[in-house]
Amino acid sequence: MLDACAELVDEVGYEGLTTTLLAERAEVAIGSVYQFFPDKRAIVQALTLRTMESYLQRLDERFASDDLTHWWDGVDASIDEYITMHRTVPGFRTLHFGDVVDLHLLDEQRDNNGVIADQLARVLTERFGLTDVPELRFHLEVAVETADALIKLAFRRTTEGDDRVLAEAKALIREYLHRQVDAATDGARAG
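A brief structural summary.

Thresholds applied
- Residues numbered from 1 in each chain as written.
- Predicted model: local features only at pLDDT ≥ 70, side-chain atom pairs only at ≥ 80, totals over all residues.
- Heavy atoms only, no water.
- Helix = DSSP H or I, 4+ residues; strand = E, 2+ residues; numbered from the N terminus.
- Contact = heavy atoms within 4.5 Å.
- Polar contact = N/O pair within 3.5 Å; in protein donor to acceptor, adjacent residues only side chain to side chain.
- Buried < 20%, exposed > 50% of the residue type's maximum accessible area, 1.4 Å probe, protein only.
- Lys, Arg positive; Asp, Glu negative; His and termini not counted.
- Salt bridge = Lys/Arg side-chain N within 4 Å of Asp/Glu carboxyl O.
- Axes fitted to C-alpha atoms, helices over the stretch in contact; angles between N-to-C directions.
- Parallel < 35°, antiparallel > 145°, perpendicular 65-115°, else oblique.
- Left-handed = near helix turned anticlockwise from the far one by under 90°.
- Nonpolar A, V, L, I, M, F, W, Y, C, P; charged D, E, K, R; others polar.
- Core = buried A, V, L, I, M, F, W, Y, C linked by side-chain atoms within 4.5 Å.
- Arc of directions from axis to C-beta.

Mapped onto the elements of the fold, tyrosine 82 is located in helix 5 (residues 71-88). Sequence separation of tyrosine 82 and arginine 58 is 24 residues, and the distance between their C-alpha atoms is 9.7 Å. Each residue touching tyrosine 82, except ones within four places of it in the same chain, is listed here: Tyr55, Phe92, His96, Phe97, Asp148 and Ile151.

Rendered as structure tokens:
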């Protein structure tokens, strides 16, 4: 059902999605849909959670390689995976991490991009030894919001993503985080 949901949101958008359409596409009885999901929001939430797990798994695989030697390589990999998912994962271009449906779809207390920033902080601290402090999470949240907006712009311009906008997004995020993270790291070493 989640695969059918992903295909449908790409075709008709979240507003056009109905449980009836989903049941037809998934070739199941409408009662089967309601057996697992009370409404379309719950279906999309399950799809979004699956997508976030996939994103984090992709990042873990990328971060496990020896190709990433510095934290900014991890940031670039994070952005590259996000762009790849826009291009290849059904439903992702429409739903992203659920912000189309509800800014708090992934967590009632934090907005969706805040949840993503927390996960990136976890991965960056584990892989590159960055100090996981509130400041790092704050700067990552600003970076995630900025990257999200620019990547959406790139995909509004062309269906495969405007390469110039994507390159600028990566450069902007890298420079911003470079200033913030390296300054914090240098300050911690001096202190």
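Next comes the rest of the write-up.
We now examine the side chain of aspartate 162. Relative to the elements of secondary structure, aspartate 162 occurs in the loop between helix 8 (134-157) and helix 9 (163-190). Within the local environment of aspartate 162, its side chain forms a polar contact with the backbone nitrogen of arginine 164, the two atoms lying 2.8 Å apart.

Another point: the side chain of aspartate 73. For aspartate 73, the location among the structural elements is in helix 5. Although buried, aspartate 73 forms no salt bridge, and the nearest oppositely charged side chain, arginine 174, lies 5.0 Å from it. A distance of 3.0 Å separates the side chain of aspartate 73 from the backbone nitrogen of threonine 69, its partner in a polar contact. Non-local contacts of aspartate 73, meaning those with residues more than four positions away in its chain, are made with Asp67 and Leu68.

To continue, consider unusual backbone geometry. Unusually for a residue other than glycine, glutamate 27 sits at a positive phi of about 60°. The topology assignment puts glutamate 27 in the loop between helix 2 (19-26) and helix 3 (30-36). Judged by relative accessible area, which is 73%, glutamate 27 ranks as exposed.

Where helix 1 (residues 2-16) contacts helix 2, the two axes come as close as 10 Å, and the packing angle between them is 155°. Judged by the inter-axis angle, helix 1 sits roughly antiparallel to helix 2. For the crossing formed where helix 1 meets helix 2, the hand is right-handed. For the pair helix 1 and helix 2, contact is made by Ala4, Cys5, Glu7, Leu8, Glu11 and Gly16 and by Leu21, Leu22, Arg25 and Ala26, respectively. Of the residues contributing to the contact of helix 1 with helix 2, the split by class is six nonpolar, one polar and three charged.

Glancing now at the nonpolar core. Burial of nonpolar side chains together is a common tendency in soluble globular proteins. Ranked by internal contacts, the top residues of the largest apolar core, which has 39 residues, are Tyr55, Phe63, Leu140, Ile151 and Leu177. Not counting residues within four places of it along the chain, the set of residues in contact with tyrosine 55 comprises Ser78, Glu81, Tyr82, Met85, Phe97, Ile116 and Leu120. If you look at the next biggest cluster of nonpolar residues, it comprises 17 residues, including Tyr14, Leu17, Val33 and Leu95.

This brings us to helix 2. An α-helical turn contains 3.6 residues, so a residue and the one three or four places further along point in the same direction. Among all positions in helix 2, only Thr19, Leu22 and Ala23 are buried. For helix 2, the angular spread of the buried residues around the axis is 100°, confining them to a single face. The inward-facing, buried residues of helix 2 contact helix 1, helix 3 and helix 4 (40-64). Glutamate 27 lies just past helix 2 and shows a positive phi near 60°.

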